[in-house]
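# An overview of the molecular structure
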Amino acid sequence: QSLPQQKLLTWLSVLECVEVFAEMGTARVWGEMGRWTIIVLIQLAKAILRLLLLLWYKAGIQMSPPIVPLNREQQQPLHPQDMENNSSGKDQTYVGRRSSRVVRSLQSTPSLQSRHWGSPQQREESQSRRAEEMNQPPTPLGLQETFAESLYITRPLLHLLSLGVWGQRSWKPWLLSAVLDISSLSLLSDLKDLNRRERAELRRRTILLLYYLLRSPFYDRYSEGRILLLLRLLADYVPGVGFVTRPLMDYLPAWQKIYFYNWG
């Protein structure tokens, strides 16, 4: 990835991390009008960044999160003692004569901080496989797939626009967003030879269709009573589950209001 593309991904990641905090802080200071203003600005900025990545840098299917979190256990540097063992040319493994089992030799045992419990070959294979997955170029998108990804990127803006036109209690924004989501996934399903991260992203988007059960007005009219009844039954009749379900019942209205009204 080029440096400008990395900067775009970084800014996109920052926006996704702070958007809820910015919304809640703005609502506390400037009220409901300020809240919706910051929501529109953040979603507009995210859409612009994603469209730049899609159309200008040919980044393919957009991942979430945009930057893969660092696995610190896999990225641990070697300690000086380990580097000395590697540089001295000592054999790191020993193969049993009868069992052919590969074990680490005592001379090359790493320090406790960087020790892992698999064989060196397993660790090298997993690291090389992970590096290969990370370095795989994005699958080129044709006109149909680019349009489908553009639908997915602009869907939050269209949803906010429809909320402004028809109101939060109308079914039209809910139906519009559902149609755009399903249409985007249907058009992208024709892609072949996707890499592992892209397949995982499409699976994630498919699973997130369940969120429509928690979005207004469907939640207000159908899901709320059934979900609360199920949580109450679990809390009353399943031992130990109440420690989770009772706080969930208390926080669910606030989460539904913050996390499920805006679908970006």
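Just so you know, these numbers come straight off a predicted model, no measurement behind them.

### A closer look at the environment of phenylalanine 218
Summarising the element assignment, phenylalanine 218 is placed in helix α7 (residues 218-237). When its relative accessible area of 21% is taken as the criterion, phenylalanine 218 is described as partly exposed. Between the C-alpha atom of phenylalanine 218 and that of tryptophan 171, which follows or precedes it by 47 residues, the distance is 8.1 Å. The contact partners of phenylalanine 218, leaving out residues within four places of it in the chain, are Trp171, Trp174, Tyr212, Leu213 and Ser223.

### Here we look at the confidence of the model for the protein chain
Mean pLDDT over the protein chain stands at 83; residues scoring 70 or higher make up 78%. Confidence, read as mean pLDDT per element, is least for helix α2 (residues 80-87) in the protein chain (49) and greatest for helix α5 (residues 172-188) (94). Within the model, pLDDT remains below 50 along residues 85-90, and this stretch shows seven contacts once partners closer than five positions in the same chain are excluded.

### Notes on unusual backbone geometry
Residue serine 64 is joined to proline 65 through a cis peptide bond whose omega torsion reads 0 degrees. On the secondary structure map, proline 65 appears in the loop between α1 (3-56) and α2. Across the junction of serine 216 and proline 217, the peptide omega takes the value 5 degrees, indicating a cis bond. Position of proline 217 relative to the elements: it lies in the loop between α6 (196-207) and α7. Within the chain, lysine 58 stands out as a residue other than glycine whose phi angle is a positive 50 degrees. With relative accessibility at 59%, the residue lysine 58 sits in the exposed group. The phi dihedral of aspartate 193 falls on the positive side, at around 60 degrees, and the residue is not glycine. Along the chain, aspartate 193 falls in the loop between α5 and α6.

Definitions and limits used
Residues numbered from 1 in each chain as written. Predicted model: local features only at pLDDT ≥ 70, side-chain atom pairs only at ≥ 80, totals over all residues. Heavy atoms only, no water. Helix = DSSP H or I, 4+ residues; strand = E, 2+ residues; numbered from the N terminus. Buried < 20%, exposed > 50% of the residue type's maximum accessible area, 1.4 Å probe, protein only. Contact = heavy atoms within 4.5 Å. pLDDT = per-residue confidence, 0-100.

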